[in-house]
Amino acid sequence: MKTSGHAADDVRDDTAGLRLHAFRGIRYVPDRVGSLAAVTSPPYDVVVRPDGLLHLESADPHNIVRLILPQAVTAGTRHRKAAVTMDRWLAEGVLAPDPAPALYVYEQQGDGILQRGIIGALELTTPDEGIVLPHEDVMPHVVEDRAALMRTMAANLEPLLLTYPGDGDGADEVIARAVQREPLLATTTEDGFHHRLWAVTDPAEQAAITTELTRHQALIADGHHRWATYLRLRDEHPSPGPWNQGLVLLIDTVRYPLRVRAIHRLLSRLPVADALDAVGDAFRVRRVERPLPEALEALAEATTEGNAFLLAGDGAFHLLDRPDPALLARTIRADRPEAWRTLDATVLHATLLEHVWHVPDAPEDIAYIHDTAAAVAQAERRGGTAVLMHPVREEVVRDLARQGVTMPRKSTSFGPKPATGLVLRSLALD
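Residues numbered from 1 in each chain as written. Predicted model: local features only at pLDDT ≥ 70, side-chain atom pairs only at ≥ 80, totals over all residues. Heavy atoms only, no water.

Q: Run through the sheet that holds strand β16 (residues 308-312), naming residues and quoting values.
A: Spatially, the six strands line up as an open sheet ordered β15-β17-β16-β19-β14-β18, and their pairing is antiparallel. Only two strands of the sheet have a single partner each, and these edge strands are β15 (284-288) and β18 (367-369). For this sheet, the mean angle separating the axes of adjacent strands, direction not counted, is 25°. This element, helix α10 (residues 292-303), spans β15, β16, β17 (317-321) and β19 (385-388) of the sheet and lies at about 155° to β16. (Pairing = 2+ DSSP bridges. Helix = DSSP H or I, 4+ residues; strand = E, 2+ residues; numbered from the N terminus. Axes fitted to C-alpha atoms, helices over the stretch in contact; angles between N-to-C directions. Contact = heavy atoms within 4.5 Å.)

Q: Explain the layout of surface pockets to me, and be specific about the residues and the numbers.
A: Approximately 1,300 Å³ is the volume attributed to the largest pocket. As for the largest pocket, its lining consists of 44 residues, of which Pro42, Val46, Asp191, Arg261 and Asp371 are closest to the centre. Put simply, the parts of the chain that give the lining of the largest pocket at least two residues each are α1 (36-39), α2 (52-59), β13 (259-261), α10, α14 (372-382) and β20 (413-415). In terms of residue class, the lining of the largest pocket is built from 22 nonpolar, 13 polar and nine charged. (1 Å grid on protein atoms, 1.4 Å probe; cavity = no way out; pocket = protein on both sides within 12 Å on 5 of 7 lines; lining within 4 Å. Points joined across faces, edges and corners; volume = space filled by probe spheres on them. Nonpolar A, V, L, I, M, F, W, Y, C, P; charged D, E, K, R; others polar.)

Q: Lay out the sheet that holds strand β7 (residues 155-156) with the relevant residues and their values.
A: The four strands lie next to each other as β3-β2-β21-β7, forming an open sheet whose pairing is antiparallel. Because the sheet does not close on itself, it has two edges, and the strands there are β3 (95-97) and β7. Pairing of strand β2 (residues 25-28) with strand β21 (residues 424-426) involves two bridges; the strand directions are antiparallel. Across the sheet, Ile26 pairs through a bridge with Leu424, a residue of β21. With respect to the sheet, helix α4 (residues 75-92) is in contact with β2, β3, β7 and β21, its orientation differing from that of β3 by roughly 75°.

Q: Break down the pattern of salt bridges for me, with residues and values.
A: Side chains that carry opposite charge are capable of pairing whenever their charged atoms lie near each other. Across all of its chains, the model carries 22 salt bridges by this definition. Taking the shortest distance from any N to any O, the salt bridge between Arg88 and Glu92 comes out at 3.9 Å. With Arg88 and Glu92 both in helix α4 and four residues apart, the pair spans about one turn of that helix. We classify Glu92 as partly exposed; its relative accessible area is 37%. For the salt bridge of Asp235 with Arg234, the shortest nitrogen-to-oxygen distance reads 3.7 Å. Here the residues in one salt-bridge network are Arg78, Asp145 and Arg146, joined through shared partners. (Salt bridge = Lys/Arg side-chain N within 4 Å of Asp/Glu carboxyl O. Buried < 20%, exposed > 50% of the residue type's maximum accessible area, 1.4 Å probe, protein only.)

Q: Talk me through the side chain of His62; I want residue IDs and the actual numbers.
A: The residue His62 is located in the loop between α2 and α3 (65-68) in this model. Its relative accessible area of 16% is what places His62 among the buried residues. Once residues lying within four places of it in the same chain are set aside, the contact partners of His62 are Tyr28, Arg32, Val33, Val39, Trp89 and Val94.

Q: Provide a residue-level description of the nonpolar core, including the pertinent values.
A: With 118 residues, the main nonpolar core has Trp227 and Trp357 as its most contacted residues. Tallying contributions element by element places helix α13 (residues 344-356) first for this core, with seven residues. In contact with Trp357, not counting residues within four places along its chain, are Leu267, Leu270, Ala275, Ala278, Val279, Leu311, Leu320, Leu348, Leu352 and Val387. Listed in part, the 18 residues of the second largest apolar core include Leu299, Ile369, Ala374 and Ala375. (Core = buried A, V, L, I, M, F, W, Y, C linked by side-chain atoms within 4.5 Å.)

Q: Could you give me a rundown of the packing of α4 against helix α5 (residues 140-153), with the residues and numbers involved?
A: Look at α4 against α5: their axes get within 9 Å of each other, and the N-to-C directions meet at 35°. Here α4 and α5 pass one another in a crossing that is right-handed. The segment α4 lies against α5, with Arg78, His79, Arg80, Ala82, Ala83 and Met86 engaging Asp145, Ala148, Leu149, Thr152 and Met153. Considered class by class, the residues forming the contact of α4 with α5 number six nonpolar, two polar and three charged. (Left-handed = near helix turned anticlockwise from the far one by under 90°.)

Q: Summarise empty space enclosed by the protein; cite the residues concerned and give the values.
A: Counted according to the given criterion, the structure contains five cavities of 30 Å³ or more. Roughly 120 Å³ of internal volume is contained in the largest cavity. Forming the boundary of the largest cavity are 13 residues, of which Asp45, Asp222, Gly223, His224 and Lys410 lie nearest the centre. At the level of secondary structure, the elements contributing two or more residues to the lining of the largest cavity comprise β11 (218-222) and α8 (224-236). Ranked by the residues each element gives to the lining of the largest cavity, the list is headed by α8, at three residues. For the lining of the largest cavity, a count of residues per class yields three nonpolar, five polar and five charged. The calculated volume of the second largest cavity comes to roughly 70 Å³. Lining of the second largest cavity is provided by Arg146, Leu149, Met150, Asn156, Leu157, Glu158, Arg226 and Tyr230. Counting residues per element, the ones that place at least two in the lining of the second largest cavity are α5 and α8. Take the lining of the second largest cavity: its biggest share by element is three residues, from α5. The residue makeup of the lining of the second largest cavity, split by class, is four nonpolar, one polar and three charged.

Q: Describe the packing of aromatic side chains, with residues and values.
A: Scanning the entire structure with this criterion turns up four aromatic pairs. Between Phe23 and Tyr104 the ring centres are 5.4 Å apart and the planes differ by 55°, which places this aromatic pair in the tilted class. One end of the pair, Phe23, is in the loop between β1 (20-21) and β2; the other, Tyr104, is in strand β4 (residues 103-110), with 81 residues separating them in the sequence. With respect to burial, Phe23 and Tyr104 carry one shared label: buried. Between Phe283 and Phe309, the aromatic rings sit 6.2 Å apart at their centres with planes inclined by 65°, giving edge-to-face as the arrangement. (Phe/Tyr/Trp six-rings, centres within 6.5 Å; stacked < 30°, edge-to-face > 60°.)

Q: Tell me about α5, and please be specific about residues and values.
A: With 14 residues, α5 should cover 20 Å at 1.5 Å per step; its first-to-last C-alpha distance of 20 Å lies within 8% of that length. Residues of α5 that are buried include every one of Val142, Val143, Arg146, Ala147, Ala148, Leu149, Met150 and Met153, and no others. Looking at the buried residues of α5, the elements they touch are α3, α4, β7 and α8. Ala154 occupies a position one or two residues after α5 and carries a positive phi of about 50°. (Expected span 1.5 Å × (residues − 1).)

Okay, structure coming up:
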């Protein structure tokens, strides 16, 4: 496949681009739940508040978190519990399939953002095919757990967030018409975002969307582990078939640009004092006597000159910047593009975590937290270290993805992310 100079530009072969399919969505029956907002959840890896699971489970006995993060002693028991729960909710009429296959127009609005896109079942492709481009590495244990859950449930519970550059017709025209109609659902979630969903069932409108998408490739903005899970499960099942597709939300970022935020690291077993002692002269270290918002401004200013990190966990903030060039040269791979070698995430993992702090790359040692205040609070409560990051520019992400170079995992957080629980996909119905 030939591409131009961006990670999600047009493709020239109309048979080789994105191939989106309609599906019979499964949705909550409003009369059977307290409210639609009360049964939704952030994506499974963004449930970060200390009482996150309990808070969501308490919001409504049918909250989607009971499916995406089931609780039990063993992994196998958790996955079977989720499958039994979903079957029961379907039998009781809490969940119900829509009558006809559809593509879904999804709108989110809040915090100064209006975002609209298309939810559908996307034909799976490998990174080598250059149609769906990842930009981050994945953690094998997370893929294994997600695969076991999806395999047991035979369902896609959460749409991945993919971006593409639309050309102003096709999907855009269908979206414009859809939002003038009465939505299937409308709700406002706890974060203040308003959500609306419409079904596109007309064959001509579906064709307008799918025809446009065949001219494009997409960048995975959020959901690398779930995409890797889709590919693993596809390889386990005969093709063609429902396992050859995965649930996605496609956003035209020419019309609806996403926000890019950082994902922070929580090192529960490394106290801040030990982290600072180990750094020594490898970085310049300055104590920042400011509230969190102003400390983050100091971090942003420091990153204009090079790699910088903000450590927290002892009731103060400590700015690390100006790393020793000789240390970077010894610890960072030289066989990658300059843009990759100078990423904060690259320097953090290759230089600080591996070489300076000797922190194993294991879930019990490194947690990934999207919310800045939550990262600081958890570090202080556990006596560990929060490493606060500055966001990567979107053009850097796209350029590396175009080159086929993946960033260290959890390097970026694109958003807003779709709410989980508004529409599900059962592979038994496809």
